[in-house]
Amino acid sequence: MNSHAHHTNSKPEKSNDHHDHHDHMIGDFRKRFWISLIITIPIIVLAPMIQSLLGYELGFKGDRYVQFVLSSIIFFYGGWPFLKGMADEIRERSPGMMTLIALAISVAYFYSSAVVFGLEGKIFFWELASLIVIMLLGHWIEMKSVMSASNSLQELAKMMPSEARKINENGEDQDVPISELKSDDIILVRPGEKIPADGLIINGESNVNESMLTGESMPVPKKEGDEVIGGSINDNGSLKIRVKHGSEDSYLSKVITMVREAQQSKSKTQNLADKAASWLFYLALGAGIITLIVWLLLGKDFEYSLERMVTVMIISCPHALGLAIPLVVAISTAVSAKNGLLVRNRTAFENSRKITTVIFDKTGTLTKGEFGVTRFKSTQDGMSDDELLQVAASIENNSEHPIAAGIVNKSKSGNLELDEAENFKNITGKGIQASVNGKEYKIVSPGMLSELGIDQPEDAFKSDDETVVFVVSEDKLLGYIALADEIREDSFEAIKTLKNRGIKVLMATGDNEKVARAVSETLGLDDYYAEVLPEDKQQIIKDLQEKGEFVAMTGDGVNDAPALAQANVGIAVGSGTDVAAETADILLVNSNPKDISNLILFGTATYKKMMQNLWWAAGYNIVAVPLAAGVLAGIGIILSPAIGAVLMSLSTVIVALNAQLLRRQMKH
């Protein structure tokens, strides 16, 4: 794959910047965590509350100012990502985790600073420092465990070659960057090369492999007057092509645009932790204001009322919340990876429990994406079936065609000795010919067989999903070989499991109607779509989503990228293109469709564990916030910061232990 992506249009490079930015962010959180942790140690040692809890005394003149200076460094340096995140969330009018953390640390810092410089009250510097350190740790764990947002646009750009062989007015060819190609330029594409731009063939014939672009499993015969797509691979003949339009308007650029648009709309979905944090933010704000007003109305002085309010607002952002989700994410991501599932988008993984419809691509997903021999038969007296296969494989051994690979693989599995073929020649779009042991043979398509005036045997065609080739010598039919893109063994079990869960299973393929119907009937699918283009696949998903379906899409090619991005959960098959893998939310490393049922199982278990942890984290709030506000002050019960600290630590430990239980649940 050509990696000179800079010769295509510049847009996809943003994705690479994004990837570098993500790596930088992980490093940034790690650095802020360690520096903040080191500064936190003296703050905790000097905290009066910790001293009374652990029963020691340590103080000196001006120790409060030392705590203030150290806490200022932690607040502005360690707390910066949260303060910046709050500004972003408020700008988008969707307060979440960052806003909640920023509110708690800001209240703790500014109130405690005011106390240092003369206000009556307690200082909360150790709560501030420990909250920042735990939240930095949580974000670091989370970002490390889940891969970065998609690199798909950069991968799509790589599909295009960096240069084209342009023919000038004198008939000479010269290499130019594809970004310089214009409409009506003439380019030359040699056998085995990638076609650098969409265009029209003006000279030459060849087979063109478009499978990774359109999903059509067979290389497509192309001749003068036919259109070709940039990024597809020219198989066996030289082609002169008139460029249809510049790279900005190419088929691949349109795919890039579709992927970008779908990703942007999908990235707006909030994950579970943010939703919980959003509720806690409003709770903290509301509870804090009510606490202040009620104590003032009850006749308490401003300092006392303010201290209660601050306590409530700090307690409302539980330390446990910082680890509740990241620990579950880290464990579920690790266990999923061991089971062949790479989680790239956490929100989609959490949501996999909601899937109502799964759409499969066919080639390379439900099927192996490679041709296998299903039947072969000699029709010539004195020639066995194996001898027919041996002759065909000896000839096909020189060809790069997928059908050739299927025939050669079959001969190898039967331990047949292959002979040397001579005078090998392609009959473009119709077959091949060569000499074996001095005798000339042709392997031809049904169309070529008719041209030769030979009748097809009655039993040659048995199934719609088979491709049949015929072996001919001296204009006599020697036999035939039937091949099919084999259905994966695991596909049967995967579809059965999904249907048992009440999930609708559909297929959308670029392949023809006959093949699609045959595969659909064999696997017992609910429905299928044949001969679909990438935008059709994306539209099919949009239509289903409008009907209220929660759609998962499984695919492996460039043509699946817009659909993978559009789907609620995009699942890529690991054996497919980098583009599909980079666009998807989940990657099936083992290319096993059966793993989709594991995905739903793991996603459900992960979601339940997250909910439990959020309840533990928030449960601490349900008890601590009213007590801190002084609801039971009338009977002498008011939450002291020391008891609050013990409760806080306890909820954090419970959350951490509960996350570990997920390992057991997710083991088969």
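What counts, and where the lines are drawn
- As a convention, each chain's residues are numbered from 1 in the sequence order in which they are written.
- In view of the model being predicted, local features appear only for residues whose pLDDT reaches at least 70, and side-chain atom pairs are presented and counted only at 80 or more, with totals across whole chains, interfaces and linings using the full set of residues.
- Where side-chain values are given, they derive from all heavy atoms of the structure, hydrogens and water being excluded.
- Under the DSSP-based scheme used, a helix requires at least four consecutive residues in state H or I and a strand at least two consecutive residues in state E, with every element numbered from the N terminus.
- Partly exposed describes any residue whose relative accessible area lies between the buried limit of under 20% and the exposed limit of over 50%, with all areas from a 1.4 Å probe on protein chains only and scaled to the type maximum.
- With residues, only the protein chains shown are counted as cover, and all accessible areas are computed by Shrake-Rupley using a 1.4 Å probe.
- Contacts are assigned to residue pairs with any non-hydrogen atoms lying within 4.5 Å of each other.
- Expected span of a helix, by definition, is 1.5 Å for each gap between consecutive residues, and there is one gap fewer than residues.
- One bridge is not enough; two strands pair if DSSP finds at least two bridges between them.
- UniProt positions are given in the numbering used here, feature names are shortened, and annotations may be inferred rather than shown by experiment.
- Helix axes use the C-alpha atoms of the stretch in contact, all axes being lines fitted to C-alpha atoms, and the angles between their N-to-C directions lie in the range 0 to 180 degrees.
- These descriptions rest on fixed angle ranges, namely under 35 degrees for roughly parallel, over 145 for roughly antiparallel, 65 to 115 for roughly perpendicular, and the rest for oblique.
- In this scheme the handedness of a crossing depends on how the near helix is turned from the far one: anticlockwise by less than a right angle means left-handed, clockwise means right-handed.
- Charged residues are taken to be Asp, Glu, Lys and Arg, nonpolar residues to be Ala, Val, Leu, Ile, Met, Phe, Trp, Tyr, Cys and Pro, and polar residues to be all remaining types, Gly included.
- Like charges are joined within 9 Å and nonpolar side chains (Val, Leu, Ile, Met, Phe, Trp, Tyr) within 5 Å, but only among residues with over 30% relative accessible area and no salt bridge; these make up the patches.
- Salt bridge, as used here: a side-chain nitrogen of Lys or Arg that lies within 4 Å of a carboxyl oxygen of Asp or Glu.
- Charged residues are defined here as Lys and Arg on the positive side and Asp and Glu on the negative side; His and the ends of the chain fall outside this count.
- The atoms used to mark charge sites are NZ of Lys, CZ of Arg, CG of Asp and CD of Glu.
- In summary, the pairing rule links any two rings of Phe, Tyr or Trp, Trp by its six-membered ring, whose centres are within 6.5 Å, and it sorts them by plane angle into stacked for under 30 degrees, edge-to-face for over 60 and tilted for everything else.

Student: Just give me the short version of the overall build of the protein, but keep the residues and values in it.
Tutor: On a plain count of helices and strands, the protein comes out with 24 helices and 22 strands. The buried share of the protein, taken over its 668 residues, is 56%. Within the structure as shown, the protein displays about 29,400 Å² of accessible surface, and the carbon and sulfur contribution to it stands at 54%.

Student: Requested: an account of the side chain of Ser106, with residues and values cited.
Tutor: Considering the arrangement of structural elements, one finds Ser106 in helix H5 (residues 97-116). Beyond its immediate chain neighbours, meaning those up to four positions away, Ser106 contacts Phe75 and Leu83.

Student: Can you break down helix H11 (residues 302-315) residue by residue, with the values?
Tutor: In this model, H11 (14 residues) spans 20 Å end to end at C-alpha, consistent with the 20 Å of a helix rising 1.5 Å per residue. A large share of H11 lies buried, amounting to 11 of its 14 residues. Buried within H11 are the following residues: Ser305, Leu306, Glu307, Arg308, Met309, Val310, Thr311, Val312, Met313, Ile314 and Ile315.

Student: Any chance you could break down the sheet that holds strand E5 (residues 206-209) for me, citing the residues and the numbers?
Tutor: What the 3 strands build is an open sheet, ordered E6-E5-E8; its pairing is antiparallel. Of all the strands in the sheet, the pair left with one neighbour each is strand E6 (220-222) and strand E8 (233-234). As paired elements, E5 and E8 share 2 bridges and run antiparallel to each other. Across the sheet, Asn209 pairs through a bridge with Ile233, a residue of E8.

Student: Explain the pairing of strand E11 (residues 357-360) residue by residue, including any values.
Tutor: Of the two faces of E11, the one holding Thr357 and Ile359 and the one holding Val358 and Phe360 are both buried throughout. Here E11 runs beside strand E18 (residues 504-508); their pairing, made up of 4 bridges, is parallel. Bridge pairing links Phe360 to Met507 in E18.

Student: Before we move on, can you summarise the UniProt feature "transmembrane region" (unreviewed entry) in the protein with the specific residues and values?
Tutor: With numbering matched to this structure, UniProt assigns "transmembrane region" (unreviewed entry) to residues 33-53, 65-83, 95-117, 123-141, 276-298, 310-337, 614-637 and 643-662. For residues 33-53, the helix share is 95%, the strand share is 0%, and the end-to-end C-alpha distance is 25 Å. As a span, residues 123-141 carries 89% helix and 0% strand, and end to end its C-alpha atoms are 30 Å apart.

Student: Outline the packing of helix H4 (residues 80-91) against H5, supporting the account with residue identities and numerical values.
Tutor: One can describe the packing of H4 onto H5 by two numbers: an axis separation of 7 Å at closest approach and a directional angle of 125 degrees. With respect to H5, the axis of H4 lies oblique. The interaxial crossing formed by H4 with H5 has left-handed handedness. Every residue of H5 that contacts H4 at Pro81, Phe82, Leu83, Gly85, Met86, Glu89 and Ile90 is listed here: Met97, Met98, Thr99, Ile101, Ala102 and Ser106. Residues that form the contact of H4 with H5 fall into these classes: 9 nonpolar, 3 polar and 1 charged.

Student: Lay out a negative patch on the surface with the relevant residues and their values.
Tutor: Taken together, the side chains of Glu163, Glu172, Asp173 and Asp175 present a region of like negative charge at the surface. Its place among the elements puts Asp175 in strand E2 (residues 173-177). On the basis of relative accessibility, which here comes to 48%, the residue Asp175 falls in the partly exposed class.

Student: Before we move on, could you go through the pattern of salt bridges and cite the residues and values that matter?
Tutor: Applying the stated rule across the entire model yields 12 salt bridges. Residues Asp88 and Arg91 are paired through a salt bridge, measuring 3.1 Å at the closest nitrogen-oxygen approach. A residue pair is termed a helical-turn pair when its members lie 3 or 4 positions apart in one helix, as Asp88 and Arg91 do in helix H4 at 3 residues. Residue class for Arg91 comes out exposed when judged on its relative accessible area of 62%. Notably, a salt bridge pairs Lys166 with Asp185, separated by 3.8 Å at the nearest N-O pair.

Student: An account of the sheet that holds strand E15 (residues 439-444) is requested, with residue identities and associated values reported.
Tutor: Read across the open sheet, the 6 strands follow the order E12-E17-E16-E15-E14-E13; overall the sheet is antiparallel. Two strands bound the open sheet, and with one partner strand each, they are strand E12 (367-378) and strand E13 (421-427). The average angle at which neighbouring strand axes cross in this sheet is 20 degrees, direction not considered. Packing of helix H15 (residues 385-396) onto the sheet brings it into contact with E12, E13, strand E14 (431-436), E15, strand E16 (466-473) and strand E17 (476-487), and relative to E12 it is tilted by some 130 degrees.

Student: I'd like a description of the packing of aromatic side chains, backed by residues and values.
Tutor: Under the counting rule described, the total for this entry stands at 13 aromatic pairs. On the numbers, 5.7 Å between centres and 80 degrees between planes, the contact of Phe76 with Tyr109 is edge-to-face. On the criterion of sequence distance, the pair formed by Phe76 in helix H3 (residues 63-78) and Tyr109 in helix H5 is long-range, its members being 33 residues apart. We classify Phe76 as partly exposed; its relative accessible area is 47%. With a centroid separation of 5.4 Å and 85 degrees between ring planes, the pair formed by Trp295 and Tyr304 is classed as edge-to-face. The exposure class of Trp295 is buried, given its relative accessible area of 8%.

Student: Describe in detail a nonpolar patch on the surface, supporting the description with residues and values.
Tutor: Together, Ile41, Val45 and Leu58 make up a nonpolar patch on the protein surface, roughly 230 Å² of accessible area in all. Mapping Val45 onto the fold places it in helix H1 (residues 13-46). Taking relative accessible area as the criterion, Val45 reaches 32% and is therefore assigned partly exposed.

Student: I'd like a rundown of the environment of Tyr65, residues and numbers included.
Tutor: Along the chain, Tyr65 turns up in helix H3. According to the relative accessible area criterion, Tyr65 is partly exposed, its value standing at 45%. Taking the C-alpha atoms as reference, Tyr65 lies 9.0 Å from Phe117; in sequence the two are 52 residues apart.

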